[in-house]
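Take a look at the letters that make up each chain.
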There are 4 protein chains.
Amino acid sequence: MPTILGQNQYGKAENRVVKITRDGDTHHIKDLNVSVSLSGDMDEVHYSGSNANVLPTDTTKNTVYAFAKEYGIESAEQFGIHLARHFVTSQEPIHRARIRIEEYAWERIETSDANSKFIGADEVKHSFVRQGQEVRTAQITFDGENWEVVTGLKDLTVMNSTNSEFWGYVKDRYTTLQEAYDRILATQVHARWRYNWTSDEDRLPNWEKSYAQARKHLLQAFAETYSLSLQQTLYQMGSRVINSRSEVDEVRLSLPNKHHFLVDLEPFGLKNENEVYFAADRPYGLIEATVLRDGVEPRIPVDMTNL
Amino acid sequence: MPTILGQNQYGKAENRVVKITRDGDTHHIKDLNVSVSLSGDMDEVHYSGSNANVLPTDTTKNTVYAFAKEYGIESAEQFGIHLARHFVTSQEPIHRARIRIEEYAWERIETSDANSKFIGADEVKHSFVRQGQEVRTAQITFDGENWEVVTGLKDLTVMNSTNSEFWGYVKDRYTTLQEAYDRILATQVHARWRYNWTSDEDRLPNWEKSYAQARKHLLQAFAETYSLSLQQTLYQMGSRVINSRSEVDEVRLSLPNKHHFLVDLEPFGLKNENEVYFAADRPYGLIEATVLRDGVEPRIPVDMTNL
Amino acid sequence: MPTILGQNQYGKAENRVVKITRDGDTHHIKDLNVSVSLSGDMDEVHYSGSNANVLPTDTTKNTVYAFAKEYGIESAEQFGIHLARHFVTSQEPIHRARIRIEEYAWERIETSDANSKFIGADEVKHSFVRQGQEVRTAQITFDGENWEVVTGLKDLTVMNSTNSEFWGYVKDRYTTLQEAYDRILATQVHARWRYNWTSDEDRLPNWEKSYAQARKHLLQAFAETYSLSLQQTLYQMGSRVINSRSEVDEVRLSLPNKHHFLVDLEPFGLKNENEVYFAADRPYGLIEATVLRDGVEPRIPVDMTNL
Amino acid sequence: MPTILGQNQYGKAENRVVKITRDGDTHHIKDLNVSVSLSGDMDEVHYSGSNANVLPTDTTKNTVYAFAKEYGIESAEQFGIHLARHFVTSQEPIHRARIRIEEYAWERIETSDANSKFIGADEVKHSFVRQGQEVRTAQITFDGENWEVVTGLKDLTVMNSTNSEFWGYVKDRYTTLQEAYDRILATQVHARWRYNWTSDEDRLPNWEKSYAQARKHLLQAFAETYSLSLQQTLYQMGSRVINSRSEVDEVRLSLPNKHHFLVDLEPFGLKNENEVYFAADRPYGLIEATVLRDGVEPRIPVDMTNL
């Protein structure tokens, strides 16, 4: 047989689980999309179709729902740790489990004023509106010995309406771009950060707090950087997270430059003083880089998009 | 010629315009997606290809950008009124203009603490994060005499984790559904409401305030209704807007019932006490209705989706 | 109560049903997405939440699957007729049923050559690849007496690389467009056509043949029209269907002008002789019109898009 | 500075270029979406914002369009080779270029019969309909010395309506799945294959023919494999390509198991003999693996999706 099997993995993707927790009349929601991916001693199923080592993907789905009851969902990361540990330790042929999770945030619906003629505020501790801004992501990998947790976010769209320039670049035969001394800088943040927690013997990070803080630092670094290039802003965003969060060793950022072009209004006898922009779809600049704590080996794959 | 031309309209769709307004160092954003649709004396261009009556769609695009400078964008509705009036009054062959607008909301990025080592808060009055919840919509139609303004929103996802029942329904040969006395009720609100402002002689509504209030009433009515069916909730949402906002005469709502199915955990020896749900994609219930101020003729088309 | 209920409808949307029919070893697929929408005596469920007249949407879903077995799926239209008739005639409170269907076409995978070393061609009469071009649509409405069938297609993307011009149009203060004497004309066809079959007493059209022929005429009219405007092309497409298919009385077309802009290569010392184009996303022209058999009343709603 | 820069890359993504080639009256289309990604001596732009080494992404866009004229587009791969070579050899700070391309296929619109009353067939050698099945992909990487070309496809949806089983798998506490001896097997093929061409000194593959053949082998292997698991089918697909195409050394496949569940019709007194299926959206099994020519090192990244 002149061909051989290389890396392989399988599981059930996109298990949509919603967990309601009741604290008296006050309800709490966790809303996740969980994907399970398992690897191990799986040559035979590829070569001959024998499923003797294969835990069905349907079973991995069932496990997600059962664990939501058995362990609750304290955080996406903690939930993924429970799942990954289970698959690797309970099934001999499975040597590695990777759990990927998307989390959708919900906030409470603000209720009527106290003197409302409608049902009172104490009745609506179970009403939510989906927050809708970024999607939080988490990837938990376990090989029976070491853990890797990579948390992140995507679709967080931000804009600075000034404090961005772009000039002093290389010019070749195909360069027509005019230098810009005051432009809009907008991007849709896609970030992943890797924790230096790798062993059950180490103290666990506070996943919820760490996420909230990393998100805050990304936003603030974007807002507070006077930008000469999107690369510079990216580096500030990544290093701000690492400098502020000792539990994080590596950040990978993928930042599309969502171009806002100043519209030429001169043909209509109007002057456009950085007021009216055309928000373009495609093409867009795409700036991607890893920022690392000094001395650390990078582990987050470089490609977070197919484009 | 055995065929004739019926209703027709044309224009440039999805003009993405971003307007920055400067109030000293503080910037404000309006971020719109504007679609222009014109009708009138357009038989010839269909029958023979003569463009003698056709203002190019490219010109309608230019007009959107020029008007963002000339008139500013006070509100989506006011901007649409400027555009619709222009096309109908400046071009003899155009008898009717309809402007459709989507608006994307942005909020300011919270800045660093006062004692931050980074750039101070007063530097970041130009930094924004896209709000990401619902998309606001507006449709402004003018025929040279009368105005019709229909405002709305879409993609506002809400959930009640209790206070919803469904029972006492018709059962036929194909009915297998079990009655539910405590279920999740979730939907993605798609709403349109029509203003009773129709004439330049009447006092204009405060479009921004009216939108904020209508949105609030939709959310609160959803949260505060103890629901025996999604139809009942829908009617409460629509009538709350009309009862609270005298400027609105008609509301059309399209509410998908985003099913959250209680997962059967008994095979695993677990009891699911309304805790763990599977969030399904398709199929979904789809509940649609118009709510009207008594005595008013409906005008909003009944189909807001193709499904 | 100062508000009243207007038009309302409900049902289960997007029931994905796949039907395999076996003709000996040769299998046939029908792959549909069926949405049910029912109207009638439904005031109470909106006003009080009483479900006494409500056949659950879950039951309408079950009916779709049961009917796929009981009646088979000869065509989307015929399947919709069975469903609509059932709901209106079997449930007294239901006065009107509308069934909307999307159909996805599949073609057979071409098998190995006769002298293949692999499994023979007669083994693969059950292997298919999704055709992927247009989505076929059908809407069947029944009020207990009269039928309305509107068939259509969407997402059929076509291009003429020449034989299109655009000039002689109105020029106003905001016009900057240059006239074009040889341009690309591309669009994504969204069409609906209404049949004049309305009564069980009339002879049924051959739905499958009629669809194939209407589709062919749309494509050929697009290809064979030397176009001075997209409106002219649209009218040719619609009238070709009506002139060629006596069972069709009305066609509504929504044609986005998918702009392909000639790239200016002069800055690079190159001449672009209608060779290199930028395919733009937004904005786009949007041309919409109805074409009618002379003497016929239009019934297809004018808005097939929200933009 | 406690943080350092890791891998980084930048460029213009999603340049939509359409190239028309005229062969007398007969036109040919190439329709690509080209993304450029450059790496090299780029520390400064990240650390200080100096753009002294940065060729603007706008210039990379211009180069795509200029090269479509200068070199034509013989194949996606050949076009990517021209671009990658240019960036690496013409700009000293750029050490590596990666070009990613999506290609959309078009076919000719069949014209009227010879005795048509419309314009003759020889007039419509410039009319096309987008094929719409799979998207072809190509990734070309050059570091100044070695080439890597990875071609592929995505969104090719296939189904076997029989000849698929699934049984004999591991059963644990969470397993409820029933064994299946005749099921539908459907997937949406996402494939990438790597060529062993790496040097300008080696003979180039015939890219167009190689693509057509690899696609054919993927389809036929899917159709002709009697499947005991999707893993087995995957391996057959990958090894068929390698065994049939000596220019390919490695194939990576990502195959979602698009579940078609047999609908339980017994509550309605009906028997479902593998006829009526519910096509589910989420969750889905996800099977991924690499197939290699024996002795070859894998290079295609294992994750082709974020889930």
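Given the structure is predicted, the values throughout are model-derived calculations rather than measurements. (Residues numbered from 1 in each chain as written. Chains lettered and ligands numbered in written order. Predicted model: local features only at pLDDT ≥ 70, side-chain atom pairs only at ≥ 80, totals over all residues. Heavy atoms only, no water.)

Trainee: For this particular structure, what's the right way to read the pattern of salt bridges?
Mentor: Between side chains of opposite charge, a pair can form when the charged atoms approach closely. Under the definition given, this model contains 84 salt bridges over all chains. A salt bridge links C:Glu103 to C:Arg136; its shortest N-O distance comes to 3.8 Å. Within this pair, whereas C:Glu103 is found in strand 4 (residues 94-103), its partner C:Arg136 is found in strand 7 (residues 135-142), the two being separated by 33 residues in sequence. With a relative accessible area of 10%, C:Glu103 lands in the buried category. The closest approach of N and O atoms between C:Glu208 and C:Arg136, which form a salt bridge, is 2.9 Å. Placement of the pair is C:Glu208 in helix 4 (residues 207-224) and C:Arg136 in strand 7, with a sequence separation of 72 residues. For C:Glu208, a relative accessible area of 31% gives the class partly exposed. Among the charged side chains, a salt-bridge network with shared partners connects A:Lys30, A:Glu77, A:Glu103, A:Arg136 and A:Glu208. (Salt bridge = Lys/Arg side-chain N within 4 Å of Asp/Glu carboxyl O. Helix = DSSP H or I, 4+ residues; strand = E, 2+ residues; numbered from the N terminus. Buried < 20%, exposed > 50% of the residue type's maximum accessible area, 1.4 Å probe, protein only.)

Trainee: Please clarify how the interface of chain B and chain A should be interpreted in this entry.
Mentor: You'll often see interface size given as the accessible area lost when the parts meet. Each partner contributes to the interface: chain B provides 61 residues, whereas chain A provides 61 residues. Between chain B and chain A the total buried area reaches about 5400 Å² when both faces are included, carbon and sulfur atoms providing 58% of it. Of all residues in chain B, B:Lys69, B:Met159 and B:Glu224 give up the largest surface area on contact with chain A, accounting jointly for 12% of the area buried on that side. Here chain B is connected to chain A by two salt bridges. Linking A:Lys69 and B:Glu275 is a salt bridge whose minimum nitrogen-to-oxygen distance equals 2.7 Å. If you look at where chain B meets chain A, you find 31 residue pairs in polar contact (both at pLDDT 80 or more). At the level of secondary structure, the elements contributing two or more residues to the side of chain B that touches chain A comprise strand 2 (15-23), strand 3 (26-40), helix 2 (57-70), strand 5 (106-108), strand 6 (127-130), strand 8 (147-160), helix 4 (207-224) and strand 12 (276-279) of chain B. The residue inventory of the side of chain B that touches chain A, partitioned by class, reads 30 nonpolar, 17 polar and 14 charged. As paired strands, strand 12 (residues 276-279) of chain A and strand 2 of chain B are joined by three bridges and run antiparallel to one another. From the neighbouring strand, A:Phe278 faces strand 2 of chain B, where its bridge partner is B:Val17. (Contact = heavy atoms within 4.5 Å. Buried area = accessible area lost by both parts, 1.4 Å probe. Polar contact = N/O pair within 3.5 Å; in protein donor to acceptor, adjacent residues only side chain to side chain. Nonpolar A, V, L, I, M, F, W, Y, C, P; charged D, E, K, R; others polar. Pairing = 2+ DSSP bridges.)

Trainee: Mind showing me how you'd approach the interface of chain A and chain D here?
Mentor: Each partner contributes residues to the interface: chain A has 85 residues there, and chain D has 86 residues. Summing the contributions of chain A and of chain D, the shared interface buries around 7300 Å²; its carbon and sulfur component is 50%. It is A:Tyr174, A:Tyr235 and A:Leu307 in chain A that bury the most area against chain D; as a group they hold 10% of the surface buried on that side. Joining chain A to chain D, the criterion identifies eight salt bridges. Across the salt bridge formed by A:Asp303 and D:Arg98, the nearest N and O atoms sit 2.9 Å from each other. Remark: the boundary between chain A and chain D carries 52 residue pairs in polar contact (both at pLDDT 80 or more). Among the elements that make up the side of chain A that touches chain D, the one with the highest residue count is strand 1 (residues 3-13) of chain A (11 residues). By residue class, the composition of the side of chain A that touches chain D is 33 nonpolar, 34 polar and 18 charged. Bridge count between strand 1 of chain A and strand 13 (residues 284-293) of chain D: nine bridges; the pairing is antiparallel.

Trainee: Honestly, the packing of aromatic side chains in this entry has me stumped. Any pointers?
Mentor: Aromatic rings in a pair are described by how distant their centres are and how their planes are angled relative to each other. Within this structure, the stated rule accounts for 48 aromatic pairs over all chains. A ring pair is formed by B:Phe67 and C:Tyr174, whose centres lie 5.9 Å apart and whose planes are at 70°; its orientation type is edge-to-face. Within this pair, whereas B:Phe67 is found in helix 2, its partner C:Tyr174 is found in the loop between strand 8 (147-160) and strand 9 (185-195), the two belonging to separate chains. We classify B:Phe67 as buried; its relative accessible area is 3%. Take C:Tyr174: its relative accessible area is 4%, and that puts it in the buried class. Ring-pair connections join several aromatic residues into one group, and the members of that group are A:Phe142, A:Trp147, A:Tyr195, A:Trp197 and A:Trp207. (Phe/Tyr/Trp six-rings, centres within 6.5 Å; stacked < 30°, edge-to-face > 60°.)

Trainee: Please clarify how the domain arrangement of chain A should be interpreted in this entry.
Mentor: Residue and element names in this part refer to chain A. The domains assigned to chain A are domain 1 (7-145) and domain 2 (152-307). The straight-line distance from the C-alpha centre of domain 1 to that of domain 2 is 29 Å. Listed by partner, the interface residues are 14 residues for domain 1 and 13 residues for domain 2. Together, the buried faces of domain 1 and domain 2 total about 1300 Å²; carbon and sulfur atoms form 44% of this surface. For the domain 1 face of the interface with domain 2, the top three residues by lost area are Glu134, Arg136 and Thr137, together amounting to 38%. At the surface where domain 1 touches domain 2, the tally comes to five salt bridges. With its nearest N and O atoms 2.7 Å apart, the salt bridge here joins glutamate 102 to lysine 154. Joining domain 1 to domain 2, the criterion identifies nine residue pairs in polar contact (both at pLDDT 80 or more). Those elements that place two or more of their residues in the side of domain 1 that touches domain 2 are helix 3 (76-90) and strand 7 (135-142). (Domains from an automatic or database assignment.)

Trainee: What am I meant to see in the relation of the copies chain A and chain D here?
Mentor: Each of the two chain copies goes to the other by way of a rotation about an axis and a shift along it. Expressed as a screw transformation, the operator carrying chain A onto chain D has a rotation angle of 180° and an axial translation of 0.0 Å, and the superposed copies differ by an RMSD of 0.0 Å. Taken together, the rotation and translation describe the operation of a two-fold axis. Comparing interface residues between copies, 100% of those in chain A also sit at the interface in chain D, which points to an isologous, same-surface contact. (Least-squares fit on C-alpha atoms with pLDDT ≥ 70 in both.)

Trainee: Sorry, what's going on with the packing of helix 2 (residues 57-70) of chain A against helix 3 of chain A here?
Mentor: For any two helices packed against each other, one specifies the inter-axial angle together with the distance between the axes. Residues and elements named next belong to chain A. The interhelical angle for the contact between helix 2 and helix 3, taken along N-to-C directions, is 130°, at an axis separation of 11 Å. Overall, the two elements helix 2 and helix 3 adopt an arrangement that is oblique. Handedness of the crossing formed by helix 2 with helix 3: right-handed. Counted together, Thr60, Thr63, Val64, Phe67 and Ala68 of helix 2 and Phe79, His82, Leu83, His86 and Phe87 of helix 3 form the full contact between these two elements. (Axes fitted to C-alpha atoms, helices over the stretch in contact; angles between N-to-C directions. Parallel < 35°, antiparallel > 145°, perpendicular 65-115°, else oblique. Left-handed = near helix turned anticlockwise from the far one by under 90°.)

Trainee: Would you explain the relation of the copies chain B and chain A in this entry?
Mentor: Superposition record for chain B on chain A: RMSD 0.0 Å, screw rotation 180°, translation along axis 0.0 Å. Looking at the interface residues of chain B, 100% of them are also at the interface in chain A, so both copies use one shared face.

Trainee: Would you mind going over the nonpolar core with me for this structure?
Mentor: One recurring pattern in soluble globular proteins: nonpolar side chains tend to sit buried together. Counting 149 residues, the largest nonpolar core has B:Phe79, B:Trp193, C:Phe79 and C:Trp193 as the members making the most contacts within it. Formed by 148 residues, the second largest nonpolar core is a distinct cluster that contains A:Val189, B:Phe268, D:Phe166 and D:Ala289. (Core = buried A, V, L, I, M, F, W, Y, C linked by side-chain atoms within 4.5 Å.)

Trainee: Mind showing me how you'd approach the environment of B:Gly40 here?
Mentor: Residue and element names in this part refer to chain B. Mapped onto the secondary structure, glycine 40 falls in strand 3. For glycine 40, a relative accessible area of 27% translates into the label partly exposed. Along the backbone, glycine 40 and asparagine 257 are 217 residues apart, and their C-alpha atoms lie at a distance of 40 Å. If sequence neighbours within four positions are ignored, glycine 40 has contacts with Pro93, Ile94 and His95.

Trainee: Could you clarify how one ought to interpret the pairing of strand 7 of chain C in this entry?
Mentor: In regular strands, side chains alternate between the two faces of the sheet. Residues and elements named next belong to chain C. Counting buried residues in strand 7 gives eight out of eight residues, a clear majority hidden from the surface. Burial along strand 7 is two-sided: the face carrying Val135, Thr137, Gln139 and Thr141 and the face carrying Arg136, Ala138, Ile140 and Phe142 are both buried. In this structure, strand 4 lies alongside strand 7, joined through seven bridges in antiparallel fashion. Across the sheet, arginine 98 pairs through a bridge with threonine 141, a residue of strand 7.

Trainee: Help me understand a negative patch on the surface in this model?
Mentor: A cluster of acidic side chains, namely A:Asp41, A:Asp43, A:Glu44 and A:Glu92, defines a negative patch on the protein surface. Within the secondary structure, A:Asp43 is located in helix 1 (residues 43-47). (Patch = residues over 30% accessible without salt bridge, like charges linked within 9 Å, V, L, I, M, F, W, Y side chains within 5 Å. Areas by Shrake-Rupley, 256 points an atom, 1.4 Å probe, with all protein chains shown as cover. Lys, Arg positive; Asp, Glu negative; His and termini not counted. Charge placed at Lys NZ, Arg CZ, Asp CG, Glu CD.)

Trainee: Help me understand the environment of C:Thr198, please; the structure alone is not making it clear to me.
Mentor: All names here are of chain C. As for its placement among the helices and strands, threonine 198 is situated in the loop between strand 9 and helix 4. Overall, threonine 198 belongs to the partly exposed group, its relative accessible area being 31%. When the C-alpha atoms of threonine 198 and valine 149 are compared, they prove to be 7.8 Å apart, with 49 residues separating the residues in sequence. When neighbours within four sequence positions are excluded, threonine 198 is seen to be in contact with Glu145, Asn146 and Trp147.

Trainee: Looking at this model, I keep getting lost on unusual backbone geometry. Mind explaining?
Mentor: In the segment running from B:Arg282 into B:Pro283, the intervening peptide bond is cis, with an omega of -10°. Relative to the assigned elements, B:Pro283 resides in the loop between strand 12 and strand 13 (284-293). A positive phi angle, close to 65°, is found at C:Asn163, a residue other than glycine. With respect to the helices and strands, C:Asn163 occurs in the loop between strand 8 and strand 9.

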